[in-house]
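Structural description and commentary
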Amino acid sequence: MIYSTATVQVNPQGEVPLTRSQAWAGLVLKARDARLFLPPGLCTYCEVVEESKTHIVREATIAGTDLREIIAFEPDSKVTFFQAAGPREGAIVNELFEDDAGQLQLRFYCYIGLRSKEPNGPEEQAEQAQFDGDKGYKAALLSTLKRTRELLAQGKLSGGAQ
């Protein structure tokens, strides 16, 4: 199994501050359409195929791999991606919280395995190293916040419903 976690400050010094509501709106938008947040061409398809008050079901093609995810929302707090189909199984979580100093943080954590691969085998070890590396999920969190700021500045980020 792969377990990885990373946490970044939502409002580091020198950045345009985001409210919790704005950061949340960015997370919801990313869940609904990953194409807006991933490098151009990485996500070639992303469609919400089912929707309720508590979750959506999203089908996407990311890096040439077809995925189906059940994405659960805990408003203004947590987005959990359950891997229903694709190479991974398990859950990936993005969570907003305040640290002990009252600063807004964005944390990623996952507990996943690779379907049809040996547990803790070479494929899982390689994926673990990728998640924990410089271009892993910490970089993805920073990129998500950067893109959220860009969308906000362009007037394309609404109030964060879901």
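Anything mentioned here points back to the structure above.
These notes cover the structure that comes with them. (Residues numbered from 1 in each chain as written. Predicted model: local features only at pLDDT ≥ 70, side-chain atom pairs only at ≥ 80, totals over all residues. Heavy atoms only, no water.)

This part takes up helix 3 (residues 137–153). With 17 residues, helix 3 extends 24 Å from end C-alpha to end C-alpha; this agrees with the ideal 24 Å at 1.5 Å per step. The complete set of buried residues in helix 3 reads Leu141, Thr144, Leu145, Arg147, Thr148, Arg149 and Leu151. The secondary structure elements touched by the buried residues of helix 3 are strand 1 (2–9), helix 1 (20–32), strand 6 (88–98) and strand 7 (104–114). Two residues or fewer after helix 3 comes Gly155, characterised by a positive phi angle close to 75°. (Helix = DSSP H or I, 4+ residues; strand = E, 2+ residues; numbered from the N terminus. Expected span 1.5 Å × (residues − 1). Buried < 20%, exposed > 50% of the residue type's maximum accessible area, 1.4 Å probe, protein only. Contact = heavy atoms within 4.5 Å.)

What follows concerns the pairing of strand 7. Taking burial as the measure, the eleven residues of strand 7 include eight buried ones, the bulk of the element. As defined by bridge partners, strand 1 adjoins strand 7 across eight bridges and the pair is classed as antiparallel. In the strand pairing of strand 7, Val8 is matched with Leu106. Here eleven bridges tie strand 6 to strand 7, and the two strands are oriented antiparallel to one another. Along strand 7, the bridge assignment pairs Arg88 with Leu114. Where strand 6 folds back on strand 7, the antiparallel hairpin that results is connected by five residues, among which Gly102 adopts a positive phi of roughly 80°. (Pairing = 2+ DSSP bridges.)

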